[in-house]
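Overview (structure and organization)
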Amino acid sequence: MTDRQEPARPIRILLADDQPLLRTGFRMVLGAEDDLDIVGEAGDGAEAVDLSRRLLPDVVLMDIRMPRMDGVAATRAIIDARLPVRVLILTTFDLDEYVVGALRAGASGFLAKDVPAEDLVTAIRTVANGEAVVAPRILKRLLDRFAESLPDPSATPPKAIGVLTEREREVLVQVARGLSNAEIARVLTVSETTIKTHVGHVLTKLGLRDRVQAVVLAYEIGLVRPGA
């Protein structure tokens, strides 16, 4: 008699957007996936925080601009409450200025609202799995916008990264350039497992939650610059 493997639990999702039509659209797209389960909907940030506490979804699909409490404040409240919930933010391109604030607040991802359905589904699965995602064009647009205010990477490295080994610093640079562990392994001619270990050390030493925060930090301190 063979053992039967229990099916994986669906990823539980909370939709947070003040436009009912958009929530309906997301529900239709995500509802077609067997491994995704919409457990609730919130029309504003405050409701998103309340439902996150009560429902404990795996992922909150969060809009930025909402009444009563915006998506950045709601994200911060969810993260500060130490809920086992990850936040994936969707926004329009005219809200670039919110990106850094949302990532600092603890968001695990940032996508444009016009993202293809298959990319949205993949991003939700990625975030639920403990990884982080930022749409490349959003990251490029953000970095281009703030390029003039970024420090010179040729200057003396900030003390913050002084705790890193030379190899860990090289890995951080590659992470900031958007490379995956496999791609970094090829660039540095080491195993993917070794890179995964280095990334873990970088995040721990710098007190960062995930790769997205590592990217933001690397650009903020001038370790890399857009186009470099």
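Residue numbers here run from 1 along each chain, matching the order of that chain's written sequence. The predicted origin of the model limits local features to residues at a pLDDT of at least 70 and limits the giving and counting of side-chain atom pairs to 80 or more, whereas totals for whole chains, interfaces and linings rest on all residues. Each side-chain value is derived from all of the structure's non-hydrogen atoms; neither hydrogens nor water enter the calculation.

An unreviewed UniProt entry lists the protein chain under the name Response regulator transcription factor, with Plantactinospora alkalitolerans as the source organism.

As for the packing of helix α7 (residues 166–176) against helix α9 (residues 192–206)
Convention followed: Geometry is summarised by axes, namely lines fitted to C-alpha atoms with helices restricted to the contacting stretch, and by angles between N-to-C directions that run from 0 to 180 degrees. Numbering of helices and strands runs from the N terminus; a helix is a DSSP stretch of H or I covering at least four residues, while a strand is a stretch of E covering at least two. By definition in this entry, angles of less than 35 degrees are roughly parallel, angles greater than 145 are roughly antiparallel, angles of 65 to 115 are roughly perpendicular, and the rest are oblique. Only heavy atoms matter for contacts: two residues are in contact if any of them lie within 4.5 Å across the pair. Each residue is assigned to one of three groups, with Ala, Val, Leu, Ile, Met, Phe, Trp, Tyr, Cys and Pro labelled nonpolar, Asp, Glu, Lys and Arg labelled charged, and all others, Gly among them, labelled polar.
Viewed as axis vectors pointing N to C, α7 and α9 meet at an angle of 95°, and their least axial separation amounts to 9 Å. Our classification of the angle between α7 and α9 gives roughly perpendicular. Two secondary-structure elements touch here, α7 through Arg167, Glu168, Val171, Leu172 and Val175 and α9 through Ile195, His198, Val199, His201, Val202, Lys205 and Leu206. A per-class count over the contact of α7 with α9 returns seven nonpolar, two polar and three charged.

Quick look at the pattern of salt bridges
We apply this condition: The salt bridge criterion pairs a side-chain nitrogen of Lys or Arg with a carboxyl oxygen of Asp or Glu, the two atoms within 4 Å. Under the scheme applied here, a residue whose accessible area is under 20% of the maximum for its type counts as buried, over 50% as exposed, and between as partly exposed, the area being computed with a 1.4 Å probe on protein chains only.
All told, the structure shown has eleven salt bridges when counted by the stated rule. A salt bridge links Arg23 to Glu41; the nearest nitrogen and oxygen atoms lie 2.8 Å apart. Here Arg23 is found in helix α1 (residues 20–31), whereas its partner Glu41 is found in strand β2 (residues 36–42), with 18 residues between them in sequence. Overall, Glu41 belongs to the partly exposed group, its relative accessible area being 27%. Note that Lys205 and Glu168 form a salt bridge whose closest N and O atoms lie 2.9 Å from each other. Of this pair, Lys205 sits in helix α9 while Glu168 sits in helix α7, placing them 37 residues apart in sequence. For Glu168, a relative accessible area of 3% translates into the label buried.

Let's talk about the pairing of strand β5 (residues 109–112)
Quick reminder of the rule: Pairing between two strands is assigned when DSSP locates at least 2 bridges connecting them.
Both faces of β5 are covered, namely the face carrying Gly109 and Leu111 and the face carrying Phe110 and Ala112. As paired strands, strand β4 (residues 86–91) and β5 are joined by four bridges and run parallel to one another. Residue pairing for β5: Leu90 is matched across the bridge by Leu111. In terms of strand pairing, β5 meets strand β6 (residues 133–134) through two bridges, oriented parallel. What sits directly across from Phe110, in β6, is Val134.

Examining the UniProt feature "modified residue: 4-aspartylphosphate" (unreviewed entry) in the protein chain
Heads up, the rule is: UniProt positions are given in the numbering used here, feature names are shortened, and annotations may be inferred rather than shown by experiment.
Taking the UniProt record as the reference, the feature "modified residue: 4-aspartylphosphate" (unreviewed entry) is found at Asp63. Summarising the element assignment, Asp63 is placed in strand β3 (residues 59–63). The exposure class assigned to Asp63 is buried, which follows from its relative accessible area of 5%. Apart from the residues within four sequence positions on either side, Asp63 is in contact with Ala16, Asp17, Asp18, Gly71, Leu90 and Lys113.

Quick word on the side chain of Ser52
As a reminder of what qualifies: Pairs of N or O atoms are called polar contacts if they sit within 3.5 Å, as long as, within protein, a hydrogen donor faces a hydrogen acceptor (for residues adjacent in sequence, only side-chain-to-side-chain pairs).
The residue Ser52 is located in helix α2 (residues 45–55) in this model. Taking relative accessible area as the criterion, Ser52 reaches 0% and is therefore assigned buried. At a separation of 2.7 Å, a polar atom in the side chain of Ser52 contacts the main-chain carbonyl oxygen of Ala48. Residues in contact with Ser52, not counting those within four places in the same chain, are Leu14, Pro57, Val60, Ile78, Leu83 and Val85.

A closer look at the confidence of the model for the protein chain
It should be kept in mind that the predicted coordinates are not to be read in detail where pLDDT is low. Basically, it comes down to this: Confidence scores per residue from the predictor, reported as pLDDT, run from 0 to 100.
This prediction gives the protein chain a mean pLDDT of 82; 80% of its residues lie at or above 70. When pLDDT is averaged over each helix and strand of the protein chain, the minimum, 61, is found for helix α6 (residues 136–146) and the maximum, 97, for α2. Low confidence marks residues 150–157, where pLDDT is under 50. Its contacts with residues over four positions away, or in another chain, come to 16 contacts.

Quick notes on helix α3 (residues 71–80)
Which entries qualify depends on this criterion: Read the arc as the range of directions from the helix axis to the C-beta atoms.
Taken as a whole, α3 has its buried residues at Gly71, Val72, Ala74, Thr75 and Ile78. Seen end-on, α3 carries its buried residues on one side only, within an arc spanning 165°. Its side-chain oxygen 3.1 Å from the backbone nitrogen of Val72, Asp70 forms the N-cap of α3.

As for the sheet that holds β2
Ordered in space as β2-β1-β3-β4-β5-β6, the six strands form an open sheet in which the pairing is parallel. Bordering the open sheet on either side are β2 and β6, each of which pairs with just one other strand. Judged from the five bridges that link them, β3 and β4 form a sheet pairing that is parallel. The partner of Leu61 across the bridge, within β4, is Leu88. Across the sheet, α1 is in contact with β1 (11–16), β2, β3 and β4; its angle to β2 comes to roughly 170°. In the packing of α3 onto the sheet, contacts are made with β3 and β4, and the angle to β3 comes to roughly 155°.

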